[in-house]
Each structure stands twice: as C-alpha cells, then as structure tokens.
Amino acid sequence: MTQQLESDPQWLSFRRALEAAIGVPLAQYKEPQMKRRLASLMTRRGISSWAAFSRAIAGDPKLLAEVRDTLTINVSEFFRQPERFRDLEVRWFPQLLRERRSLKIWSAGCSIGCEPYTIAMILDRIDPQGRHSILATDVDMPILSRAKDGAGYLPSEVRSVPPDYLKRYFVKEDGTFRVIDEIRRKVTFRRHDLLTDAYPSDLDLIACRNVVIYFTDEAKTHIYAGFSRSLRPGGVLFVGGSEMIMRSGEIGLRTAGVNLYQRAA
C-alpha cells in the first residue's frame, strides 16, 4: 500500500520516532484524527511543538504509554451493544453450530479482551461442551498482557453484562472485576498487525468492532478484503455500530443483518 506524503517535516520526524518507540505503523491511520488526539494530549501536557513532543516521549515512559493508548483507542466493554450480542446468541451461533461443531473465531483488535471473553461466555452458555478456537489479537503488547490477565475491569466496563452472566463468569475483587479462569483459558491472545501480518483462515466468525474506522480508506480496503478471504463460505464478519463496508459484494461479502456481513457461499 502506498503512503501519503506529509509536507510538515517536524510531524514526519515525530511520527517516525513514535512508530519506532511503540511498534505501531501509523501511516495508515487517519491523519486528521491522529493529530487531533495527539494535539489534545500536547495541550494537556503544555507541549508546544512536534519536536518538543519527540523529546518528551524519549525521556518519559509514562507519557509514551499515554500516547500509545491515545492512538490505539483501547476503549472497550463487555457486551457492547447488548442487542448485537443477543443476535449472535440466539441466531448466528446456533446456525454456525449446525454447520460445524467446533467453531473458529477471531477477535481482531481485541483491546483489553472484553470482546473475545464475551464471545467465550456466550458459547459456554449455549454449548458448554464445545471445543471452540477463539483467537484474540491486537497490535499493542501491553494491552494484550492486560487482556490475558482478564482482571482489573472497571464497573463501567461490565455495565452491559446481563446479571446472570456477571454472577456466573466474574469475580469481584477490590472494586473491580476478574473473568473466571474457565473463560480465560478459552481465549488465545497473540500480537497481530492488521496491515502487515498474515490473516488466519477458514474462520466461522471474525469480530472486529470500532477498529477499522480509525484507518484510511486504502487501509480499510486491505483489511476488509483480508477478512473476506479469511472467512469460510457462510462465515460471518461482525463490525462496529458506526462501521459500514461500501461495495461489500466486490470482496465476496453480503449484508446479513445490523453490523453483520456474511461470506458468499
């Protein structure tokens, strides 16, 4: 994929230094959004220029971590948009399980783990003896480490969890919530870059919600085409509430419901 040329040498120098520091390629992120988020952080920190920002992150690991979190948009919660997960529970998982007894699922851009753990809980509820593969990936290693721990979730991050799920699958400790080990063991976490790494294959479900909206149109095309190739015929792509795939038929996907696309047979 081609990269857009940047006319501001200070910005380009800062971006290159930041890419090296956090290990996340930034050329395919939407530049206006990225600059707005960073400019807000600069204002809060009293930093006046990109060059000064480069010097600041070089000498302040905590600031670097804050920058990484700002850019990788690690905002998530369990059962985000509960009605969409209810649709998976009552319609799509039963349908997929009629076609294959062991499902292969990928949560791409999993952030702190809420999404893959939600999927694991639903499958445990409707198919407790099932041996399903749930892969959860993100580009951010510190966030993946937190997700793998499955602990320290705030009340705001479990606010949409149905009461029976909260009682069955979480332990409350010191004002936060921990996912029970039985569910943690059902999810495999791995670092993955949606722009550069190979995608898994023969998948029944890909969940990638509120991730692709931060990328350029060129990057979106690359990612959605990769998702389509990764799904088996009949497999389902689950996207975020504000995401829509334009001309989805050109990459082998058809609209299958709200925030859902299905790989053509």
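The paragraphs below set out a description of the structure included in this document. (Residues numbered from 1 in each chain as written. Predicted model: local features only at pLDDT ≥ 70, side-chain atom pairs only at ≥ 80, totals over all residues. Heavy atoms only, no water.)

Counting its secondary structure elements, the chain contains 10 helices and nine strands. Compactness check: the chain gives a C-alpha radius of gyration of 19 Å against a globular reference of 18 Å for 265 residues, within 12% of the reference. Overall size of the chain, expressed as C-alpha extent along the three principal axes, is 55 × 50 × 25 Å. The contacts in the chain between residues at least 6 apart in sequence include a share of 72% that link residues at least 24 apart. Accessible surface for the chain amounts to roughly 12800 Å². Of this, 51% is attributable to carbon and sulfur atoms. (Helix = DSSP H or I, 4+ residues; strand = E, 2+ residues; numbered from the N terminus. Rg over C-alpha atoms; globule rule 2.2 N^0.38 Å. Contact = heavy atoms within 4.5 Å. Areas by Shrake-Rupley, 256 points an atom, 1.4 Å probe, with all protein chains shown as cover.)

Next up on the list: the side chain of His192. Checked against the element boundaries, His192 lands in the loop between strand E5 (187-191) and strand E6 (203-208). Taking the relative accessible area as the measure of exposure, His192 reaches 9% and is therefore buried. Here the side chain of His192 touches Ala198 through a polar contact of 2.9 Å, landing on its backbone oxygen. Ignoring any residue separated from it by four or fewer positions in sequence, one finds His192 in contact with Trp106, Thr137, Asp138, Val139, Asp197, Ala198 and Tyr199. (Buried < 20%, exposed > 50% of the residue type's maximum accessible area, 1.4 Å probe, protein only. Polar contact = N/O pair within 3.5 Å; in protein donor to acceptor, adjacent residues only side chain to side chain.)

Attention now goes to the nonpolar core. Counting 42 residues, the largest nonpolar core has Phe78, Phe93, Tyr117, Ile119, Met121, Tyr153 and Phe170 as the members making the most contacts within it. Ranked by the residues each element gives to this core, the list is headed by helix H6 (residues 114-126), at seven residues. The contacts of Phe93, once residues within four sequence positions are left out, are Leu88, Leu103, Ile105, Ile119, Ile122, Leu123, Ile126 and Leu205. Grouped together as the second largest cluster of nonpolar side chains are 41 residues, Leu18, Ile47, Leu195 and Ile206 included. (Core = buried A, V, L, I, M, F, W, Y, C linked by side-chain atoms within 4.5 Å.)

Bringing the pattern of salt bridges into the picture now. Taken as a whole and judged by the stated rule, the model has 17 salt bridges. With a shortest N-O distance of 3.0 Å, Arg100 and Asp202 are connected by a salt bridge. Here Asp202 lies in the loop between E5 and E6 and Arg100 lies in the loop between helix H5 (82-99) and strand E1 (104-108), a separation of 102 residues in the sequence. When the shortest N-O distance is used, the salt bridge between Glu250 and Arg247 registers 3.6 Å. With relative accessibility at 65%, the residue Glu250 sits in the exposed group. One network of salt bridges, with partners in common, ties together Glu99, Arg100, Asp202, Asp204 and Arg232. (Salt bridge = Lys/Arg side-chain N within 4 Å of Asp/Glu carboxyl O.)

This part takes up the pairing of strand E9 (residues 260-263). Relative to E9, strand E7 (residues 231-239) runs antiparallel, the two sharing three bridges. Of the residues in E9, the one forming a bridge with Phe238 is Leu260. Bridging between strand E8 (residues 253-257) and E9 involves four bridges; their strand directions are antiparallel. For Arg254, the partnering residue across the bridge sits in E9 and is Gln262. Hairpin remark: E8 followed by E9, antiparallel, with two residues in the connecting loop; positive phi at Asn259, about 65 degrees. (Pairing = 2+ DSSP bridges.)

Attention now moves to helix H2 (residues 31-45). A rise of 1.5 Å per residue sets the reference length of H2, with its 15 residues, at 21 Å; its end C-alpha atoms lie 21 Å apart and thus fit the reference within 8%. Residues of H2 that are buried include every one of Met34, Leu38, Leu41 and Met42, and no others. Taken down its axis, H2 places every buried residue within 105 degrees of arc, on the same side. Away from the buried face of H2 by more than 90 degrees, exposed residues Pro32, Arg36, Thr43 and Arg44 are located. The positive-phi residue at the C-terminal boundary of H2 is Gly46, with phi of around 70 degrees. (Expected span 1.5 Å × (residues − 1). Arc of directions from axis to C-beta.)

Now for the packing of aromatic side chains. Per the stated rule, a full pass over the model turns up 16 aromatic pairs. Between Trp11 and Trp50, the ring centres sit 4.7 Å apart and the planes meet at 65 degrees, which makes this aromatic pair edge-to-face. In this pair, Trp11 sits in helix H1 (residues 9-22) while Trp50 sits in helix H3 (residues 50-58), placing the two residues 39 residues apart along the sequence. Residue Trp50 is classed as buried on the basis of its relative accessible area of 13%. Arranged with centres 5.0 Å apart and planes meeting at 85 degrees, the rings of Phe78 and Phe170 form a pair that is edge-to-face. Taken together, the residues Phe78 in the loop between helix H4 (61-72) and H5 and Phe170 in strand E3 (residues 170-173) connect sequence positions 92 residues apart. (Phe/Tyr/Trp six-rings, centres within 6.5 Å; stacked < 30°, edge-to-face > 60°.)

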